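Overview (structure and organization)
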Amino acid sequence: MPAVRLTPAELRRALAADGTSLQYQAQVHVPSRSLAGVEAFVRWPHPAFGMIGPSEIVVLVEEGGLHAEFDAWVVGAACAQAQRWRAEGVPLPLVSVNVWAQTMRQGQLGPAVTSALQASGVPPAMLEIETPPGAAADAELATVLELLRRLGVRIASEARAPEDLPSIPVDTVKIPARAVAEIEDGDRRASIERLAATCRDRGVRVVAEGVETAAQRDALLAAGCEIVQGYLYGPEVSAAEVSALARQPS
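The written sequence of each chain sets the order in which its residues are numbered from 1. Given that the model is predicted, a residue must reach a pLDDT of at least 70 before its local features are reported, and side-chain atom pairs must reach 80 or more before they are shown or counted; all residues, however, enter totals for whole chains, interfaces and linings. Heavy atoms from the whole structure form the basis of all side-chain values; hydrogens and water molecules are not counted.

Description of the overall build of the protein
Where we set the bar: The helix and strand labels rest on DSSP assignments: H or I over at least four residues marks a helix, E over at least two residues marks a strand, and numbering proceeds from the N terminus. We compute the radius of gyration over the C-alpha atoms and compare it with the globule rule, which gives 2.2 Å times the number of residues raised to the power 0.38. To sort residues, take the accessible area from a 1.4 Å probe on protein chains only and compare it with the maximum for the residue type: under 20% means buried, over 50% means exposed, and anything in between is partly exposed. Should any heavy atoms of two residues lie within 4.5 Å, those residues are counted as being in contact.
The number of helices and strands found in the protein is 10 helices and 9 strands. Here the C-alpha radius of gyration of the protein, 18 Å, is about what a compact globule of 250 residues would show, namely 18 Å. For the protein, with 250 residues in total, the buried portion stands at 50%. Contacts in the protein between residues far apart in sequence, at least 24 positions, make up 67% of those at least 6 positions apart.

Observations concerning the pattern of salt bridges
The test is simple: Any carboxyl oxygen of Asp or Glu that lies within 4 Å of a side-chain nitrogen of Lys or Arg is treated as forming a salt bridge with it.
Counted by the stated rule, this structure contains 16 salt bridges. Between Arg217 and Asp218 there is a salt bridge, with the nearest N and O atoms lying 3.0 Å from each other. If you follow the salt bridges from partner to partner, you end up with Glu39, Glu130, Lys174 and Glu209 in one network.

Re the nonpolar core
Which entries qualify depends on this criterion: Residues grouped as a nonpolar core are buried Ala, Val, Leu, Ile, Met, Phe, Trp, Tyr and Cys residues, joined through side-chain atoms within 4.5 Å.
By size, the foremost hydrophobic cluster in this structure holds 78 residues, and its most contacted members are Val95 and Ile129. Not counting residues within four places of it along the chain, the set of residues in contact with Val95 comprises Tyr24, Val38, Ala40, Ala78, Ala82, Trp85, Met126, Leu127 and Glu128.

Side note on the environment of Ala125
Along the chain, the position of Ala125 falls in the loop between helix H5 (109-120) and strand S5 (127-130). By relative accessible area, which is 46% here, Ala125 ends up partly exposed. Taking C-alpha positions, Ala125 is 5.8 Å from Arg154, a pair spaced 29 residues apart along the chain. Setting aside chain neighbours within four positions, we find Ala125 in contact with Pro93, Leu94, Gly152 and Arg154.

With respect to helix H1 (residues 8-16)
Test applied: What the arc measures is the spread of directions leading from the helix axis to the C-beta atoms.
Residues of H1 that are buried include every one of Pro8, Leu11, Ala14 and Leu15, and no others. One side of H1 carries all its buried residues, which in axial view fall inside an arc of 120°. H1 presents Arg13 and Ala16 as exposed residues on the side facing more than 90 degrees away from its buried surface. Contacts from the buried residues of H1 go to strand S2 (34-46), helix H2 (54-64) and helix H3 (67-88). Of the residues trailing H1, Asp18 is marked for its positive phi of about 55°.

Some remarks on unusual backbone geometry
Residues other than glycine seldom take positive phi values, yet Asp18 does so here, at roughly 55°. Looking at where Asp18 falls in the secondary structure, it is placed in the loop between H1 and strand S1 (21-29). Accessibility expressed as a relative area gives 57% for Asp18, which makes it exposed. With a phi close to 55°, Arg33 is a non-glycine residue in the positive phi region. Within the secondary structure layout, Arg33 lies in the loop between S1 and S2. Judged by relative accessible area, which is 57%, Arg33 ranks as exposed.

Topic: the pairing of S2
In plain terms, the rule: Pairing between strands is defined by DSSP: at least two bridges between them are needed.
Of all 13 residues in S2, 10 are buried; the element is thus mostly enclosed. Note that S1 and S2 share 9 bridges and pair antiparallel. Pairing of Gln23 across the sheet is with Phe41, part of S2. Between the antiparallel neighbours S1 and S2 lie 4 residues, among them Arg33 with a positive phi of about 55°. In this structure, S2 lies alongside strand S4 (residues 95-98), joined through 2 bridges in parallel fashion. Its bridge partner being in S4, Val38 is matched across the sheet by Val95. Sheet topology places S2 next to strand S3 (residues 50-52); 3 bridges connect them, and they run antiparallel. By the bridge assignment for S3, Pro45 is matched with Met51.

Shape is all these values report; function is a separate question.
This is the structure in structure tokens:
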């Protein structure tokens, strides 16, 4: 935590000057032990206070109403890096990015994504937008998501059981960490099994977040969830480290 309180204005200047950076957490396909994708997380290497993490950044975004500026930078940086990986021949299927509901409501997510795709040249299907919880059930936000899907961008939505699945089509379902933590409970495991089976029938990818132990991984795999993400496979790493991981045989 910095000794002096940071301000939204400082974060705005950092975003404008590319003073923020992205790190990535691996999504691992357990049976093949290969990278199934990465999720991008923002860090702020502050010249005076060192690395500023998500909790402080979120507060500044909220206080300063920087949602649209923040999302535009994140999507642009993620697309640019994805294109660099493609140019280097790094075998990475996709990059997942979280966005704010406020950016979607302001009508600024679509233009930001379009601009990032055009500027980078990355294929739209390599970008995955992870929606805020409940966004797919919100008629206004669902319209934005449908527009993104027409661009060819992938959509990810959170679910804990089949009844949580959104009415609009999505490409990935994320099982949240709080559900993964309960995977050894019989009822929770049954819900995840039903969710994985439903997604498999629909051709939807399933990713379990917050996997911290081998027991959780094994229980998820037995329940039909083959892609996991969490500290069992490591924390967020740099783009260069992703390149090295992706090129490893397993």
